[in-house]
Structures are given as structure tokens and as C-alpha cells.
Amino acid sequence: MLKTKAETIFNNIFLVLLFLLIVGTPLVFTTMTRAVFEVNKLLLLRIVTILVCSTWFFKYILFRANGFSLRFKKTGLEWPLLFLIIANFLSTVFSQNLRLSLLGSYDRWEGIYTVLNYLLLILIYSKLTTRKYQFFWLVGGILFSTGLSAFYGVFQSLGLDSLFNWSMDPERRVFACINNPVHFCAYVAMVVPLGLGA
């Protein structure tokens, strides 16, 4: 009984954090920094990843201290993710520019720290979204945030976005909080089949 209650509490905490990440990533930005989009989105990604991993570790310690068994179902992604991590570490160690391989470069943040964040997210979502209600909330979050972003994109394309002074003309290339029009179009195109299937 106590284990089931604790499991439910942890599942809800994980759901809130993952929902925040799904809704926040396409929508979060601030004009207070020079990089209006990338830094803010990566900050959200890293904060949520740290919170999820810390909560996951706390759950493990708590369950172990109370004699609860804690089992993780195999998803089939463990070995491919391990090989990807090893390949990324090897490419970092043997790279010609270690600093660039670790941190990435200006406006190209894809160093090994970011790649590990992405791989960890795959593991987190595959291991922690185990209930049907979690899946529905996360799919709903994707559809909701994409809908808001697309709605904002319509305002940009019509020239009605007078709140922000963007460096490029949003009427010609709508980006709707995702920084790059190419990324925005790809994101919306990926979500359309999900919306049709839901």
C-alpha cells in the first residue's frame, strides 16, 4: 500500500517535469539575452534533466531504505544507447579540438554535454513513462505547445507580432519561438501525424 502510494507520487512528479519540458521547449524564450532561443531552451533542458535524475536517484534511495523492490523494465534501448555513449566519448577523446567536442561552439551547442542530455532524455522517457495517463498527458502537451506555437506563427506571418523586435523579418520566415524557420517547420510537420493519430 505504502509502496503503491509512493510510486504514484513519484510517477506524478516525473510527469510534471517531463510535461514542463515538452511544453516549455518549443515555447520558452526571452529577449533579455543575446541568444533569444538556444540558451533558454538548453537551460530548461538541463534543469529538467537534473531534476528528473535527482528525483529518480532519491526514489531509488528511498525505496531501497524501506526494503521496496525497484525494478526497471528493459526497453531494448539500453544497448544501442550505451554504444552511442561509447562512440561519442571515443570521438571526443580522439578529436582534434577537445574543448569544441566537449562544449560545442557559439550557436552550435552540440558538444558531448548536450548529446549526453539528449541520450539521457531518451532513457528517461522510455523508463519513466510507464502509465497510460502519463502518455496521454505528454502527447497532449506536445499538441498543446505546438498549437500555441503555430498560432503565434500565424500572427508573425500576418505582421501582427508587434511585441518583440526580432532580428529577422518574421513575416517572410515564420519561426514561432523555435529560432529557425527550418526547425519550426520540421517540428510542426512531425507533430501533424501525431495529432491526426490522437
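Here the structure is shown first, and the text comes after it.
Residues numbered from 1 in each chain as written. Predicted model: local features only at pLDDT ≥ 70, side-chain atom pairs only at ≥ 80, totals over all residues. Heavy atoms only, no water.

## Observations concerning the overall build of the chain
The following threshold applies: Helix and strand labels come from DSSP, where a helix needs a run of H or I of at least four residues and a strand needs a run of E of at least two; each type is numbered from the N terminus.
The number of helices and strands found in the chain is 7 helices and 0 strands. In the chain, the succession of helices and strands from N to C terminus is α-α-α-α-α-α-α.

## Brief notes about the packing of helix α2 (residues 38–65) against helix α5 (residues 112–128)
A pair of packed helices is characterised by two quantities: the angle between their axes and the separation of those axes. To be explicit about the condition: Interaxial angle, 0 to 180 degrees, is taken between N-to-C directions of lines fitted to C-alpha atoms, where a helix line uses only the stretch in contact. Put simply, angles under 35 degrees are roughly parallel, angles over 145 are roughly antiparallel, angles from 65 to 115 are roughly perpendicular, and the rest are oblique. Crossings are classed by handedness, with left-handed meaning an anticlockwise turn of the near helix from the far one by less than a right angle and right-handed meaning a clockwise turn. In what follows, a contact means two residues having at least one pair of non-hydrogen atoms within 4.5 Å. Each residue gets one of three labels, nonpolar for Ala, Val, Leu, Ile, Met, Phe, Trp, Tyr, Cys and Pro, charged for Asp, Glu, Lys and Arg, and polar for the others, Gly among them.
Where α2 meets α5, the closest approach of the two axes is 10 Å, and the angle between their N-to-C directions is 50 degrees. Classified by the interaxial angle, the pair formed by α2 and α5 is oblique. In the packing of α2 onto α5, the handedness of the crossing is left-handed. Of the residues in α5, those in contact with Leu42, Leu45, Arg46, Thr49, Val52, Cys53 and Trp56 of α2 are Tyr113, Thr114, Asn117, Tyr118, Leu120, Leu121, Ile124, Lys127 and Leu128. Among the residues making up the contact of α2 with α5, the classes are represented as 11 nonpolar, 3 polar and 2 charged.

## Quick word on the pattern of salt bridges
Stated precisely, the cut-off is as follows: By salt bridge we mean one thing: a side-chain nitrogen of Lys or Arg within 4 Å of a carboxyl oxygen of Asp or Glu. Think of it in three bands: residues with accessible area under 20% of the maximum for their type are buried, residues over 50% are exposed, and the middle band is partly exposed, with areas taken using a 1.4 Å probe on protein chains only.
Applying the stated criterion to the full structure yields 2 salt bridges. Here lysine 59 ties to glutamate 7 by a salt bridge, and the two come within 2.5 Å at their closest N and O atoms. Of this pair, lysine 59 sits in helix α2 while glutamate 7 sits in helix α1 (residues 2–27), and the two are 52 residues apart along the sequence. The class of lysine 59 is buried, set by a relative accessible area of 5%.

## Some details on the side chain of threonine 49
This is how it is decided: In the analysis that follows, any N or O atom pair within 3.5 Å is treated as a polar contact, provided that within protein one partner can donate a hydrogen and the other can accept it, and provided that, for residues neighboring in sequence, both atoms belong to side chains.
Position of threonine 49 among the secondary structure elements: in helix α2. In this structure the side chain of threonine 49 is engaged in a polar contact, spanning 2.6 Å, whose partner is the backbone oxygen of leucine 45. Those residues in contact with threonine 49 that sit more than four places away from it in its chain are Asn117, Leu120, Leu121 and Ile124.

## Quick word on the packing of aromatic side chains
For any two aromatic rings, the description comes down to two numbers: the centre-to-centre distance and the angle of the planes. Heads up, the rule is: The pairing test for Phe, Tyr and Trp rings, Trp by its six-membered ring, is centres within 6.5 Å, and the orientation test on the planes gives stacked under 30 degrees, edge-to-face over 60, and tilted for anything in between. Working rule: Lys NZ or Arg CZ, within 6 Å of ring centre, within 35 degrees of ring normal, means a charge sits over the ring.
A complete count under the given rule lists 7 aromatic pairs for this structure. Judged by centre distance (6.1 Å) and plane angle (75 degrees), the rings of phenylalanine 10 and phenylalanine 63 are edge-to-face. Of the two residues, phenylalanine 10 is situated in helix α1 and phenylalanine 63 in helix α2; the sequence distance between them amounts to 53 residues. Among the residues examined, phenylalanine 63 registers a relative accessible area of 0% and is labelled buried. Relative to phenylalanine 83, the ring of tryptophan 79 has its centre 6.1 Å away and its plane inclined at 35 degrees; by these criteria the two rings are tilted. With tryptophan 79 and phenylalanine 83 both in helix α3 (residues 78–93) and 4 residues apart, this pair spans about one turn of that helix. For the pair formed by tryptophan 79 and phenylalanine 83, the shared burial category is exposed. One aromatic cluster is present, formed by Phe10, Phe14, Phe58 and Phe63 through successive ring pairs. Lying over the aromatic face of phenylalanine 63, lysine 59 brings its terminal NZ or CZ to 5.5 Å of the ring centre.

## Considering the environment of tyrosine 133
Its place among the elements puts tyrosine 133 in helix α6 (residues 132–157). With a relative accessible area of 33%, tyrosine 133 lands in the partly exposed category. Sequence separation between tyrosine 133 and leucine 15 is 118 residues, and the spatial gap between their C-alpha atoms is 9.3 Å. With residues up to four places along the chain from it excluded, the contact list for tyrosine 133 reads Thr8, Asn11, Asn12 and Leu15.

As far as function goes, none of this settles anything; it's purely spatial.
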